[in-house]
Each structure stands twice: as C-alpha cells, then as structure tokens.
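Take a look at the letters that make up each chain.
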Amino acid sequence: MSRILLEGVTKRFGDHLAVDALDMEIPSGAFFSLLGPSGCGKTTLMRLIAGFETLDAGRIVIGDRVVADARNLTHIPPAQRGLGMVFQSYALWPHMSVRDNVLFGLRTRKVAKADQTARLHDTLETVQLGDLGDRFPSELSGGQQQRVALARELITDPAVLMLDEPLSNLDAQLRQDMRLELRRLHARTGRSFVYVTHDQLEALSLSSLIMVMRAGKMEQIGAPDDIYADPQSLFVAEFLGHGKLNTFPNGPGVPLPLPGTARDRDVYLAIRPEDLEIADRADDWTRPAQVTAKLPMGSVQVLALSFPGDRTATLEAPRHTQLPDAGTEVLVRFSPRRLMAFDPATGQRLAFTGPRDRHLKSV
Amino acid sequence: MADTFTPGLRARRLANRARQVRANPALWIGAILLVVFGYLIAAPMLEIATGSARVQDGDARRAGADIGTWTAYYWHRLVASPLAETLLYTPLRNTLVISAVYSVIAMVMGVGLAFLMVKTDLPFKRAISVAILVPYIVPSWTVALAWTTLFGNDRVGIGAPGVVMSLTGWTTPDWLAYGPVPIIAVMAFNYYAFSYLLTVGALSTIDRGLEESAQLHGASERTIARRITLPLILPALGSAFVLTFAEGIGSFGPAAILGIPVRYDVLATSLYQSAAIGRFGEAYVLTLLLIVMAAVTIYANTLLIGRRRSFTTLTGKGGSARVIPLGRWRMPLLVLVLAFVGIAAVLPIVLLIWQSLQLRIGDYSLSNLSLAYWIGEVDGLRGILVDPRVQSAAWNSLRLGLMVAVLTALTGILVGYVVVNRRGTWLARGVEQLAFVPYVIPGIAFGAIYLTMFAQPIGPLPSLYGTLWILVLAASVNRLPFASRTGVSAMMQISPSLEEAATLHGAGLGTRMRRILLPLSKKGFLAGFVLSFISTIKDLSLVILLVTPSTNVLTALTFGYIELGRRQFADAISVVIVIIVLGATWGVQWATRTDPLQGFGDTRT
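Note that the coordinates shown come from a computational prediction; the quantities given were computed from them, not determined experimentally.

All right, on to the sheet that holds strand S7 (residues 83–86) of chain A then. Residues and elements named next belong to chain A. Reading across from one edge, S7-S8-S9-S3-S10-S11 is the order of the 6 strands in this open sheet, with mixed pairing throughout. Only two strands of the sheet have a single neighbouring strand rather than two, namely S7 and strand S11 (217–222). Direction aside, neighbouring strands of the sheet carry axes that sit 20° apart on average. In the sheet, S7 pairs with strand S8 (residues 160–164) via 4 bridges, with the strands oriented parallel. Following the sheet pairing, Val-86 is matched in S8 by Leu-163. Packing of helix H1 (residues 42–50) onto the sheet brings it into contact with strand S3 (31–35), S7, S8, strand S9 (192–197) and strand S10 (209–214), and relative to S8 it is tilted by some 150°.

With that out of the way, let us pick up the packing of aromatic side chains. In this description, a pair of aromatic rings is defined by centroid distance and the angle of the planes. Tallied over the entire structure, the rule returns 23 aromatic pairs over all chains. Centroid distance Phe-235 of chain A to Phe-239 of chain A: 5.8 Å. Interplanar angle 10°. Geometry classified as stacked. Remark: Phe-239 of chain A and Phe-235 of chain A occur in helix H8 (residues 234–239); sequence separation between them is 4 residues, near one turn of the helix. For the pair Phe-235 of chain A and Phe-239 of chain A, one class covers both residues: buried. Taken together, a centroid distance of 4.9 Å and an interplanar angle of 80° make the contact between Tyr-373 of chain B and Phe-569 of chain B edge-to-face. Pair noted here: Tyr-373 of chain B is in helix H18 (residues 372–375) and Phe-569 of chain B is in helix H27 (residues 567–592), with a separation of 196 residues, a long-range link. Each member of the pair, Tyr-373 of chain B as well as Phe-569 of chain B, is classed as buried. What links up through ring pairs into an aromatic cluster is the set Phe-31, Phe-193 and Tyr-195 of chain A. Looking at Arg-152 of chain A, its charged tip hangs above the ring of Trp-93 of chain A, at a distance of 4.2 Å from the centre.

Most of the time, phi is negative for any residue but glycine, and the peptide bond is trans. Residue and element names in this part refer to chain A. In this structure, Ala-91 is a non-glycine residue whose phi angle is positive, near 50°. Residue position: Ala-91 is located in the loop between S7 and helix H2 (98–108). Even without being glycine, Ala-215 reaches a positive phi, approximately 50°. Its place among the elements puts Ala-215 in the loop between S10 and S11. Accessibility expressed as a relative area gives 57% for Ala-215, which makes it exposed.

Turning next to helix H23 (residues 496–504) of chain B. Extensive coverage of H23 of chain B is indicated by the burial of 8 of its 9 residues. Looking only at H23 of chain B, the buried set comprises Ser-497, Leu-498, Glu-499, Glu-500, Ala-501, Ala-502, Thr-503 and Leu-504 of chain B. On its buried face, H23 of chain B sits against H1, S7, H2 and helix H4 (142–154) of chain A together with helix H19 (388–421) and helix H24 (509–520) of chain B.

All names here are of chain A. Strand order in the open sheet formed by 4 strands is S12-S13-S19-S20, with antiparallel pairing between adjacent strands. Both edges of this open sheet fall to strand S12 (246–249) and strand S20 (349–350), since each of them pairs with a single strand only. Two elements, strand S13 (residues 268–271) and strand S19 (residues 340–342), share 3 bridges in a ladder whose sense is antiparallel. Residue pairing across strands places Tyr-268 opposite Phe-342, the latter belonging to S19.

Residues and elements named next belong to chain B. The first and last C-alpha atoms of helix H2 (residues 25–51) sit 37 Å apart over 27 residues, in line with the 39 Å expected at 1.5 Å per residue. The largest bend along H2 reaches roughly 40° and is located at Gly-38. Taken residue by residue, H2 has Pro-25, Ala-26, Ile-29, Gly-30, Leu-33, Phe-37, Leu-40, Ile-41, Pro-44, Ile-48 and Gly-51 as its buried positions.

Procedures and definitions
- Residues numbered from 1 in each chain as written.
- Chains lettered and ligands numbered in written order.
- Predicted model: local features only at pLDDT ≥ 70, side-chain atom pairs only at ≥ 80, totals over all residues.
- Heavy atoms only, no water.
- Pairing = 2+ DSSP bridges.
- Helix = DSSP H or I, 4+ residues; strand = E, 2+ residues; numbered from the N terminus.
- Axes fitted to C-alpha atoms, helices over the stretch in contact; angles between N-to-C directions.
- Contact = heavy atoms within 4.5 Å.
- Phe/Tyr/Trp six-rings, centres within 6.5 Å; stacked < 30°, edge-to-face > 60°.
- Buried < 20%, exposed > 50% of the residue type's maximum accessible area, 1.4 Å probe, protein only.
- Lys NZ or Arg CZ within 6 Å of the ring centre and 35° of its normal.
- Expected span 1.5 Å × (residues − 1).
- Bend = angle between axes of the 7 residues up to and from the residue.

Pasting the structure below:
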C-alpha cells in the first residue's frame, strides 16, 4: 500500500500561498501527474510530499503512516518516507562515477556488497545503461544522464517515485523516447509515480490520473481523457489542447440557441479548434464566416476564420481533409456536443442539457 | 483551536519541532555562527565605540574623572584641542592624500597592464602574468624596506646610504628616501595587481561580438577601446579604485617603515603609536575613524557594483577575448613591461638579499659581503637561521598561518552553507552581513580592539593575551569576509538538489559534507585556504599590537629589528617570509593546477 493522502495541505512562502488547503488522494500504483503552469505550486506540493518542505497546515499520509502533520509538527525526514525522486536537473553528483551515483543509496543503507553488485547490474540493465558504470556524468548525453538519475532511484525500489519535470531538459525526439521508457518502467515496477510537469502532452500521454493545479489550488482531477474532453473550468479548457481554444461571449455575431440553464444568462462559449466543422448547409448551429488564411502545419492544417462583428476563430483538421482556400465564404458548424459554456465571472463550467453532459450531476 | 487543549499536544509539538531543527543543519549551524560572530565581531565593535567615550586605565588624572566613567576627553583632545592638529588632522590629511594619489597610480599601472595582457598579442604572456602578481604576494613592508635600501641616504632614517648613493655618489634627497613620495610609490607598486586582476576579470567577460560589431562599422582600435571597451569595464574600474583607496586608508607597513622615522604620520601609524604607549582612548577614536572611512568607501563600492549588474547582463560569456595586434609597438612594449616587472617583482627581493649580506650597512664593496646575519653572530645577536628566537617565531608563524587557514576555510564553507540554504531569511542575512563587517576594520585597528578586549577574561574565555590564540582569533576574524565570500560562491555553485538527493537516500550531515559538499567545493576551499595562509604569514599590521615575546611571529620580529635599527636581520627574515609565501602560492598552483591568486580579485568584488 503506497497510496498518498493529502488533507488540507497548505504551504506559504512569506505572503505567497504556494499550496492552498489541498485535499486529494493518489491511489497506490497510479501514474499521477501534477499539471499546471509554472508557479502554480506543483513542485512545492511534490517537495512537501517528499519532505523537503514543512507543512503550514494539514497533513500527509503515505501508505498507513502519517509522514507530516502541521498540528503536532510531525515531520518524517525524506529518507524515511520510502520515496525516490528524480530532480529536474537530475542532481547527479558530478564527482562520482555512474556506479557510485547509483550505489549511493544502497551504501547509506548498508546493503551487503554482493547484493549491491547484483542490484547495480539489474538496475543498469533496466534503464539500458549496462556498460556505462565507469563513466562520469559529464561524459554522458542528456538522455543517459536522465537514465542514471532514474537508476539511482529505482535501485532502492521506492514505493513512490517522484519525477520533477524530468524530460524538460531533453530534445523533442529524446523526450518522446523517454516517455515510452517511463511508461514501460511504471508497468514493470508497479510502483506509484508522481510526475510534475507543465507539459499537457506529457501528462495526457503518460498518466492514469491528472491533477490540474492553478495558484496553489486543485482545478480539476481525473483521467486524462475526461480532463481533456470535459474541462470543469475555462482555465483547464485553455491549458489542455495544442491549438488555441476558441472563446467568445455568446453575443452579436455568433448568437447560438443555447439550451437549458445557459439560455437566459451571459455565458462565455468555448470550442476546441478541432471541434469546429465546415458545414454544407445552414442550420441552428451554423454561422457564416470568411476564411482569412490557410496554414498547413504538417500533420494538421489550420483555417483562420473571421465572423461578422470582428470575431475570429481557428479551425483545425487532419492534413488530408479538403479545406476551402483563403478568401472563401463558408458555413461553420458549432457542434452542440462539443460546445462548452463557462460563467464569465468565475470561469466555471456551466451545464446545458446535451448528450455529453455527464458532468451535469456534479454542477 | 480546541486542538491546543488536547493533552500532550504541546509536548509533542515541541519534540517534533526539536527534531525538525536537528534535521535542518543550516538552521542550527547558522544560529551557532550568529552567536560566535556576535561575540567576536559585534561585541568588539561596541567595545570600541563605548571605549572611546570612557575614561581608560591610567587616564583618571588627565581626564579629571574616574576610570570607566563617560567622558568627552578623548574626542575633545583629538578633535578640538591644540594637539588635534598633530594627533588627528595632519595624519588624516596625509592618509587621504596618500590613498588618493597611490590609488590613481596603481590604477594606471594595473589597468594598462591588464589591457596589454588581455587585449594584445604581447609575447611571453604566461611568464609575465606570473611575475606581475609577485608584488601582490610579497608583503608591502618588505618592498618598503627595499626602497630604503635603494634610495636611503646618510642623513635621515637609519642613516645608511642606499645603492643609488653608494654607486653614484649622489646624495639622494630626503624626500626620495623617506616620507610621502616613497610611501606612495611602494604602495602603488604593491597594490597595482589588485586593479590588474579586477580589470583582467572585467575585460575577459566582455562579449567579443560587442567589439567586433564596432569593428564592422569601421571603428579603429582606438575608437573601439575608447567608445566600447572602456565604458563596459568602467564600473569594474570604479570598483577597483574604491577598494584600492580603502586598502590605502588602513595600510600600515609602508607608512611605518618610511614615515615614522621622519615623523610623517598617517592614521594607521598614529593609531599604532597611541596603542603602543597605552593611550587606548585615543587609539579607539582613531580606530573608529578608520572604520567609518573604510565603511563609507565600501558603501560607495556597493553602489557602483549595483550599477555594474546592469552591465553584466549586457555582456555575455565572450569566449576568448579579441586580440589587437601591436605591430611595431610589440617589442618596445615588451621591453617596457619586462622592465616594469623587473622593478616591481625582482628588484626588491634582490636588494633585500644584498643588504642582508652586508656586514656594515651601506658598504657595497664585495669585501663587505658576509653571511653573519644569516648563520653567524653580530654584536651578540645570532644570525637568523641559528637564532632560537627566530626559529620559534617561524614556528609560530607557520602554526598561526595553518590554524587560521583551516579555521577560516571551514568557517567560510559553513557560512556559505547557511547563506545558500537559508537564502532570504534573516538568519542568512545576519550571518552574511556580520561576516562582512571585519572587511571595514583595518588590521591595525583590529589588533587594537582585540588587544583590549581579550586582555581580561570574558565569560567562559580566560585572558588570551600572551597566547597564540589571540592571534589566531584576530587573524581568523580578519580573514572571515574573504573566506565567507569564497564559501558562499563555492556553495552557490552546488545545486541544492545535489544535497537533497543525498538526503533522500538517508545520508546524514556528516556524510553529505564529506561525500557531496566538500568534494564539490574543493577548489574554492583550497583557494580560500591558501589565501588565508599567505595573508596571515605576511601580515604585519594585525599582529604588531598582539604579539608577546613568547608568541612572536616572523613579521613582528622583523619590525622589532627595524625599530632597533638592525636592518640586515630584518632584511634576512623578510627574504625568508617572501620565500615562504611565494613557495606556498606556487606550490599549490603547481600541485592543483589552479590559480589561488585569482581569488584575490574574486573575493574582493
């Protein structure tokens, strides 16, 4: 059992509230991602769990053990929490060889020599660094350094492995390889992974569970697909997705016949670029627009659209789709199944009846 | 808040708090440092400030009040009495004039050399760069000694004709033998290396693209130097000037050797003379004055450096600096630089050796050469290599140097650890700022403070006067600003995650220090160690008031010989000191392939 339970976890730095009364649970064996823009408190939260920071309020339970409790100032030292951590900078000790780096944890734990050798061998094999034990960190590539950092934590078989933006220092190709690698390691070790990132693509592709953070608070928690398809706030909707979210007040230019609760009030509408469609004929959910530019972007292509009343939007489609050229007048369809409505003041998702309104229950 | 009434919660909180503090070494190390620094730095400052306004031992009759009562006697005596002119104003004027003039000369020499060494294709740069720094390693008072050997005449000071007078028959004028001119010259020759190092540092960080784009726009080398390079390093130059000036204010050795014999006083020598005859009230006033003057100049420097930051963002890591071909000026400039280096680095040592070999001083004939002052006996005084007093002083110097080096290098690392780990807290600020305070206390003033402060037992400490410990403490605290700068910058280069990763694997403080922090800060540690050792071995101004016959060190012994008029002994010991400091510097340089001297420039900015 290595579930992690946070109750009212709060951390202040001076006047700045880095983590604000956060409650959540990370199930045992999860690949859990903390996702948010820089400065949202995700790294602080991870460091609180690891024990590098002390709580100002609340408590943290790992497994069955309270590792931190602000009420009676319990603070179990990091080394006794059964965690491993891969730092953003890897934190490889530059004056030690790969072998010494990886064996460090076993040596401080006074593991027998023979056992050390066997585990070193296994671990280096696991991260595919078999014969690089004698190298020094400065003699390795970025990807290899990353693997050493992983090996150093994996060798002690921690119940929870924390990773702080581990891929941010790698180039695009390597990042993709390492993503697969991390998935493989997670499956192989069966341990909980806690993964801090600001890259939504990483979070979506790796995790079993994502928590989106904003200004020290939980914005939304859920499976990657749910979070992407069903954002509970404008912030989450805008933060996830690779094209810029189309947003507009439901006013002149594109008034849409909104059903349900959203009908009689001011709402902010949003739809993802890939959810806009070119329609053949007009209906309640189509509006005329002009194509102002057509941008091929490799795997996809993007249309820049201009609606009456100076509203603009983008439409994204796979690269083989036939799309009209710049200057053409088109009909654009706002599929009600994909359209999202938000409260203009709070940014919270508003419900309107429709086939995809599973979230209605919670609103 | 009902929680607070849960039985045992308070005790539990307390126990957990204690555990947290123990698990956070930066916290308790910082607290210990704060207490120790408060005791060794803040308390003495307070002692001086109040001491200058209290009747001191033996002054009850003159001050017309009981010992220990508040009095304006000393301040009045120095500031407004008929004696004020001799006691304060003349030395003050002399100090300012000497510091200002010598700083300008040292700057011109240092900056000029730096330009030639970094920006031109001058030949033999490597060899020259080693020699250029020799005067900086050699104690300034030995250069002063060498000066009198060169320009002394038979009328003033020790009354022995120097080389020039003996060889040419021309009686050198008194102003050339003693007084302000030689003091300025000696100090300039000693400290030019400081502005040299700072300028080299500034020049080599200039992005060569900045100069090359000016070149593309058709600017001549002259224009580039004047319009691009110079403005970019100007803040560094300003900083170098201010720090050189501050160094001059408290400088003791040259003024003591070249000023005291002709009653040309600066503040540092006045302070020495007051303290040496036990007039501590006046010494305190002068100490305060020196500290305030140094503090003001250092403050001016931080203002300059503050502005300099905006420049460093403009300059990148330029790779290798752009080199200007000297063309037909190459050889003439080489000769000039070699002559300069010869005069600054080689000549003083040659002169000292020569004079130490003269049986009768001022007689430059070959028949007068003798090893009597080294291994023989003259007037009942044994040669320095066979004199037990010298041997004991040498042993003291070495012990002192090593103890101070170990103590300051360790303290420096600890200060760095606390400052970096507790960054932004009042603890870090307090430790860092207290550690910097000794920077504004000139050595001679420091000696005066510790002399009175530790002459009687305080708290748990017995009276330290007459033990080597008072020297160790004073010299360590005196070196602390440099050591903590080195420590902080060494620790800054170690990412906190390197230590955290070890913590995560259960490494305790000892293991982290031994296996992570010390190995990674080895270079800075070693540089700090060597610099402390050298500075302590060659220091005169700090130890001169603190030594006793049993705790004598080489420098103070030399000064004793000078005051006795036994120049050849003084010369011989000076040569030994020079050999020790040069040997230590180059030895470490060779053994570690690092350059500890770079630290001189680094630690002062």
